[in-house]
Amino acid sequence: MPEPESSNTERRARDIHAHTATLKRLEKSSGSLAAQAIARMDETLPWYRAMPPENRSWIGLVAQAGIAAFTEWFRHPDAPQAISTDVFGTAPRELTRAITLRQTVEMVRTTIEVMESAIDEVAAPGDENVLREALLVYAREIAFATAQVYAQAAEARGAWDARLESLVVNAVLSGEADEGAVSRAAALGWNSPEHVCVVLGTAPDGDSELTVEAIRRAARHAKLQVLTGVLGDRLVVIAGGSDNPIAVAKSLIGPYAAGPVVAGPIVPDLLAATRSAQAAAAGLKACFAWQDAPRPVLADDLLPERAIAGDPSAREQLVEEIYRPLEEAGSALLETLAVYLEQASSLEGAARMLFVHPNTVRYRLRRVTDVTGWSPSDVRSAFTLRIALILGRLADGDPQT
């Protein structure tokens, strides 16, 4: 049989009375509960004891705010059961950098455990289960709020870091890298590796953030430090940690779109990375003139194309690293190389023109390889040597040089 209306009324009155009494007890004991939670953290959480006093005080305020928010929650049990991230608004945003998500979860768990242990003491007789259920629901919501706070902080940090990284990459590429760029890179975790190079290529279509993340994954696998970004249609990577630029480019080539990928020379630090970036950019521009260029290719392997395209640094490098050493080694090497190249790389033809034995020509060409690092018998190297000879002669004949 259904209960009489009077019994239902009496039961609701008892529930309201118990709820009011529990609420009063909860308000009265909120300070002591917060103090117990802080004491429990100090006793059981080593990271909390090791924190600076200022951060510990902020955590105490967060614990007090959490208990106060639960009190308001319990005051209006019929209100929509949702909790705001304002519980964490009492602490500065920097606290999310000082305290990890795992530590925050431990802090919340400790506070909830303290509150659970006090249910029998705080709840009015007969209201224990109501308070316990309310606390369980609140614990779930505070967990969601914690995740939201850290997710928002991570998104803000990620957006800021991306802007900062873009500034550093652009400074290096435009030749404006200075100590400010080095400081910004350090804030991004750049640990000033000894060997740095820049790799340039075409960026793929689609979300640039996905491309950047793919570069980061490849860099982690190759144990490289990287600063990267998509600037226009170019994917730029500043890589540190290896003295082999072609190996660096090969390890990072996956996310690049089809087309040439050029690795600049190794430089000692981020400030000097502008030189590597400019060489890579000039190589990327000139790479289309060498149809059979490997992928990736070194910027230094594109010196003749870069020089023809008007890159002054490539012209200077060809003269200073090939022509001048040959000039200093004696006129015989320069003369022999020039005649050999003009005679379509024929030892016998060059020997006849020079009135020497072919073995003498062979010996001198080996000396050319030793002095320059480029072999006249290799078609590609011969092309580079020929361009170096032309530029050297032009430099010697120019009264302004």
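The chain is annotated in an unreviewed UniProt entry as PucR family transcriptional regulator from Streptomyces lutosisoli. Under the UniProt heading Sequence similarities (unreviewed entry), the note attached to the chain is "Belongs to the CdaR family."

Asker: Looking at this model, I keep getting lost on the packing of helix α13 (residues 312-328) against helix α16 (residues 358-372). Mind explaining?
Answerer: The angle between the axes and the distance between the axes are what describe a pair of packed helices. Contact geometry of α13 with α16 gives a least axis separation of 9 Å together with a crossing angle of 130 degrees. By the angle class used here, α13 and α16 are oblique. The element α13 and its partner α16 pack so that their crossing is right-handed. Seen from α13, the contacting residues are Glu321, Ile322, Pro325 and Leu326; seen from α16, they are Val368, Val371 and Thr372.

Asker: I tried to follow the nonpolar core on my own but got confused; where do I start?
Answerer: Where a protein is soluble and globular, its nonpolar side chains tend to be buried together. In this structure, Met41, Trp47, Ile59, Phe70, Phe74, Met107 and Leu131 are the most contacted members of the largest nonpolar core, which totals 32 residues. When contributions to this core are tallied by element, the ones reaching two or more residues are α1 (5-44), α2 (46-49), α3 (53-75), α5 (101-117), α6 (119-122) and α7 (128-174). Here this core takes seven residues from α3, the largest share from any one element. Aside from chain neighbours lying at most four places away, what touches Phe74 is His19, Thr22, Leu23, Leu26, Asp127, Val130, Leu131 and Ala134. Ranked by size, the runner-up nonpolar core spans 29 residues in total, among them Val319, Leu337, Tyr340 and Ala350.

Asker: Explain the pattern of salt bridges to me, please; I cannot follow it from the model alone.
Answerer: Once the charged atoms of two side chains with opposite charge are near each other, the side chains can pair. Tallying each qualifying case throughout the model produces nine salt bridges. Where Arg306 meets Asp300, a salt bridge forms, and the shortest distance between an N and an O atom there is 4.0 Å. Measuring nitrogen to oxygen at the nearest pair gives 2.8 Å for the salt bridge that ties Arg324 to Asp396. With a gap of 72 residues between them, Arg324 in helix α13 and Asp396 in helix α17 (residues 379-397) connect regions that are remote in the sequence. Owing to a relative accessible area of 39%, Asp396 belongs among the partly exposed residues under this scheme.

Thresholds applied
Residues numbered from 1 in each chain as written. Predicted model: local features only at pLDDT ≥ 70, side-chain atom pairs only at ≥ 80, totals over all residues. Heavy atoms only, no water. UniProt positions renumbered as here; feature names shortened; annotations may be inferred. Axes fitted to C-alpha atoms, helices over the stretch in contact; angles between N-to-C directions. Helix = DSSP H or I, 4+ residues; strand = E, 2+ residues; numbered from the N terminus. Parallel < 35°, antiparallel > 145°, perpendicular 65-115°, else oblique. Left-handed = near helix turned anticlockwise from the far one by under 90°. Contact = heavy atoms within 4.5 Å. Core = buried A, V, L, I, M, F, W, Y, C linked by side-chain atoms within 4.5 Å. Buried < 20%, exposed > 50% of the residue type's maximum accessible area, 1.4 Å probe, protein only. Salt bridge = Lys/Arg side-chain N within 4 Å of Asp/Glu carboxyl O.

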